[in-house]
Amino acid sequence: MKLVTCGLPYANGKLHIGHLRTYVPADVYVRFLRMAGEKVVFICGSDCHGTPIVVNAEKEGVKPQELVDKYHDHFQRVFKALSINFDFFGKTTENYHHERTREFVKKLAENGYIYKKEIELAYCEKCNRFLPDRYVEGICPYCKTPARGDECDQGCGRHLEPGEILDPKCKICGSKAVFRKQTHYFFNLSAFQEFLREYLSKLSGTENALNYAREWVGNLRDWCITRNLEWGVRFPLDESLVLYVWVDAPIGYISFTERATDEWKKIWLEGKAEIVHFIGLDIAYHHCIFWPAMLKGANYSLPSAIVASGMVKIEGKTFSKSRGYVVWVEDEYLKSGFNPDYLRYYIVNYTSHDKDLNFSWDVFRDKVNNEVIATLGNFLFRILSFAWKNFGKVQMEVDGEILAEIEKAKDKILNSIRKWEFKTASDAVMELASFGNVYFQNSKAWELLKSDRARAMKAVANCLQIAKALVILCYPIMPKSMEKVAEAMGLKLSSCSLDDVLKVDEVVELKKPELPFKKIESEDIEPLKRVLLSRFSGRTSSEVTLEDFKKLDLRVGKVVSAERVEGSKKLMKLLVDIGEENRQIVAGIAENYSPEELNGKLVVVLANLKPARLMGVESRGMILAADVDGKPVLLVPDREVKPGERIK
RNA sequence: GCCGAGGUAGCCUAGCUGGUUGGGGCGGCAGACUCAUAAUCUGCAGGUCGCGGGUUCAAAUCCCGCCCUCGGCACCA
């Protein structure tokens, strides 16, 4: 028995193609294994707790539960449309999940892995509450950059434990926060170092995740697992606290399994099943470090494989919701009326599972038209309609070499799937379709029809066997489309196994076949490309008034001196003559400009930008530059201009 | 900075436990065919396998150095 899970989607936003990179291959994996006769439980669910959901709900003026329910419904709708069929899709706000989580945490405590510690936490006296996680802004104690309460998100990127941040301010009201002592609870992660090292050396999965984890395991710190928040699972040892969202979320794998099957104990307590987690690389840390340690500490079974998908790029650009490099599954893909199977194929076939996948509408159109339709769809349709038109019923007599070819494809596909090599598997399907096309072409059945009907029928029988194999082998990848084709040849796919590809029926009776796929015309993707382009160019949707613009003190400046900021690869410290003074400005251009070439250069300066400290260096202003694929290109005046001239 | 992945024809990509002429796909060009959604089939053109050394009878494949790209560096999807 196998349990297959997918990383839980976080219920504060809609699904985009990046999410599908995990869910589609997992679904394909499960479908193949089932057709190979394996018993598989496949579960997932919405991750509903945590600060961002509370903040977003506040912003939208709804209760967290309403927000969560909205996205939960959205997830289920999209998964259904894409034929991603979980046995159970749960929600971490449900009672059963809270109960399982509390039981789990109690067990951790009983086993001595939770301890309490007094820490200094930021408290806002105006809002009258402690400021957890992202409610607090301040300065990173390591690199002195402005940072969020839980992470130095602009500077060194370090994780900040609660209370570590310097000069904290309340993000809600902006007032200065004070430190107050507060008792919180920690998970003794460092006690698991040796266990994890050993465990990770045996853990199966994709190399990308395992390599990271092996690096991380050398530097483990205990983990604060409670928060001052109302929204979440109550911490059993102190009901005034709530568990950190990353504690309860993975426990969803257990609580959802409980709902999916009454054999859950075999899986999670008795170690009688393989547990395979499909995740995005971004959450490898949680699944390779925190999660096994938690399971070990609470006497549960351990995962046998972590399968991490690579990143998704959009039109060659690094995926970024804020920059607009994103494709929304429901609003953009599905609403445009494309066959969901096309997207499944694209995701599975573009490249290896652990490499970056580039989503481009042009490539999408080409892959669908050339591979799915011209190679696979065309073979299926040409042979089915040829057989139907000329014979109606076909006496099945299949050559050994045809069966051998089919068996070769089947073996290659199944072996690849077991190794999470979805591209190799789907390529093998296309190769078999291509083989079918060559075979039929060479048979010249349409000529034989006039001279030797019996031989023509033999050729058709061989092709029908190939078609049957294709429909079965492709079913896990493009289920809806294959069901349609199978119907025309009287095949019930839902009850087929992979071995059926080699079973030869006595007679095949054809129905009139329909075109299995609709081509993608360039006009179909033009609007989608335009949507992306308009977002790429970074246009802000709201208009500004001239008054708004006048608030900006833009002027020409002349670089007086430039030097790199020590310890930083991006930052350059500049002294810029802006007319009445020489201004110190820190700019992130050191990777693309040298101090020498900057010296004496005329630049455009935003002079009244709120001062900031970057890497401990004060910056009062900003140098304007074009963002060309993430690299700055400085804006310079067309002619020699006096420093200080206003820009209108 | 440290760590990881990668640099193969216009584009994508296989090969990388060293060994017959570096495979495949897209795009391009030329034919063939008409059962098929101008689909299919055959053939052709196109490569200093990032750069420089080294090991070897033999290197895209192993070793060393360098350059470039992308990603990770703990709660950001």
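The shown structure was predicted, so the numbers you read here are calculated from the model rather than taken from an experiment. (Residues numbered from 1 in each chain as written. Chains lettered and ligands numbered in written order. Predicted model: local features only at pLDDT ≥ 70, side-chain atom pairs only at ≥ 80, totals over all residues. Heavy atoms only, no water.)

Undergrad: Would you mind going over unusual backbone geometry with me for this structure?
TA: Working note: non-glycine residues mostly have negative phi, and peptide bonds are mostly trans. With a phi close to 65°, Asn 299 is a non-glycine residue in the positive phi region. For Asn 299, a relative accessible area of 46% gives the class partly exposed. Of note, the phi angle at Trp 420 is positive, near 65°, even though the residue is not glycine. For Trp 420, the location among the structural elements is in the loop between helix H13 (400-418) and helix H14 (422-443). (Buried < 20%, exposed > 50% of the residue type's maximum accessible area, 1.4 Å probe, protein only. Helix = DSSP H or I, 4+ residues; strand = E, 2+ residues; numbered from the N terminus.)

Undergrad: Just to check I follow, could you spell out the sheet that holds strand E19 (residues 357-359) for this structure?
TA: The strands that make up a sheet are held in pairs by hydrogen bonds between backbone atoms, and each pair lies either parallel or antiparallel. Pairing within the open sheet is mixed, and its three strands lie in the order E18-E17-E19. Unpaired on one side and paired on the other, strand E18 (317-318) and E19 mark the two borders of the sheet. Examined bridge by bridge, strand E17 (residues 312-314) and E18 share two bridges and lie antiparallel to one another. Within E18, the position partnered with Lys 313 by the bridge is Thr 318. (Pairing = 2+ DSSP bridges.)

Undergrad: Please explain the sheet that holds strand E16 (residues 305-309) as it appears in this structure.
TA: Reading across the sheet, the six strands line up as E3-E2-E1-E15-E16-E10 and stay open at both edges, with parallel pairing between neighbours. Of all the strands in the sheet, the pair left with one neighbour each is strand E3 (88-91) and strand E10 (204-205). Note that strand E1 (residues 2-6) and strand E15 (residues 274-280) share five bridges and pair parallel. Looking at the pairing, Cys 6 lines up with Phe 278 of E15. In the packing of helix H9 (residues 284-297) onto the sheet, the strands contacted are E15 and E16, and the crossing angle to E15 comes to about 145°. (Contact = heavy atoms within 4.5 Å. Axes fitted to C-alpha atoms, helices over the stretch in contact; angles between N-to-C directions.)

Undergrad: What is the right way to look at the pairing of strand E25 (residues 602-606) in this model?
TA: Within a regular beta strand, the side chains point alternately toward one face of the sheet and then the other, so they alternate between its two faces. Extensive coverage of E25 is indicated by the burial of five of its five residues. Of the two faces of E25, the one holding Leu 602, Val 604 and Leu 606 and the one holding Val 603 and Val 605 are both buried throughout. Relative to E25, strand E22 (residues 554-564) runs antiparallel, the two being bridged by five bridges. Pairing of Lys 558 across the sheet is with Leu 602, part of E25.

Undergrad: Sorry if this is basic, but what is going on with the packing of aromatic side chains here?
TA: Given two aromatic rings, one states the distance between the centres and the angle between the planes to describe the pair. Under the criterion given, the structure shown has 41 aromatic pairs. Centroid distance Phe 42 to Phe 86: 4.6 Å. Interplanar angle 45°. Geometry classified as tilted. With Phe 42 in strand E2 (residues 40-46) and Phe 86 in the loop between helix H3 (64-81) and E3, the pair connects residues that are 44 residues apart, well separated along the chain. Each of the two residues, Phe 42 as well as Phe 86, counts as buried. (Phe/Tyr/Trp six-rings, centres within 6.5 Å; stacked < 30°, edge-to-face > 60°.)

Undergrad: Sorry, what's going on with H14 here?
TA: Since the α-helix packs 3.6 residues into each turn, any two residues three or four apart lie on the same face. Given a rise of 1.5 Å per residue, 22 residues ought to cover 32 Å, and the 32 Å separating the end C-alpha atoms of H14 matches this to within 8%. Positive backbone phi, at 50°, marks Lys 444, one or two positions downstream of H14. (Expected span 1.5 Å × (residues − 1).)

Undergrad: Help me understand the confidence of the model for chain A, please; the structure alone is not making it clear to me.
TA: Any segment with low pLDDT has predicted coordinates that should not be analysed in fine detail. When the pLDDT values of chain A are averaged, the result is 86; 90% of them are 70 or greater. Confidence metrics for the complex model read pTM 0.82 and ipTM 0.87. (pLDDT = per-residue confidence, 0-100.)

Undergrad: Quick question: what am I supposed to make of empty space enclosed by the protein here?
TA: It is the rolling of a water-molecule-sized probe over the atoms that shows where space remains empty. Taken as a whole and assessed by the stated rule, the structure comprises one cavity of 30 Å³ or more. Empty space within the largest cavity amounts to approximately 40 Å³. Together, ten residues line the largest cavity, and Gly 50, Thr 51, Arg 227, Leu 229 and Val 245 are the ones closest to its centre. In terms of residue class, the lining of the largest cavity is made up of six nonpolar, two polar and two charged. (1 Å grid on protein atoms, 1.4 Å probe; cavity = no way out; pocket = protein on both sides within 12 Å on 5 of 7 lines; lining within 4 Å. Points joined across faces, edges and corners; volume = space filled by probe spheres on them. Nonpolar A, V, L, I, M, F, W, Y, C, P; charged D, E, K, R; others polar.)

Undergrad: Hey, could you run me through the packing of H14 against helix H16 (residues 453-474) in this one?
TA: Two quantities define a packed helix pair, namely the angle between the helix axes and the distance between the axes. Where H14 meets H16, the closest approach of the two axes is 10 Å, and the angle between their N-to-C directions is 165°. Here H16 runs roughly antiparallel to H14, going by the angle between their axes. When you trace H14 past H16, the crossing you get is left-handed. Only Ala 459, Asn 462, Cys 463, Ile 466, Ala 469, Leu 470, Leu 473 and Cys 474 of H16 make contact with H14, whose side of the interface consists of Val 429, Leu 432, Ala 433, Phe 435, Gly 436, Tyr 439, Phe 440 and Ser 443. Taken together, the residues that form the contact of H14 with H16 break down as 13 nonpolar, three polar and no charged. (Parallel < 35°, antiparallel > 145°, perpendicular 65-115°, else oblique. Left-handed = near helix turned anticlockwise from the far one by under 90°.)

Undergrad: Would you explain the environment of Ser 320 in this entry?
TA: On the secondary structure map, Ser 320 appears in the loop between E18 and helix H10 (329-333). When its relative accessible area of 15% is taken as the criterion, Ser 320 is described as buried. Those residues within four positions of Ser 320 in sequence are excluded, and the remaining contacts are Tyr 325 and Val 326.

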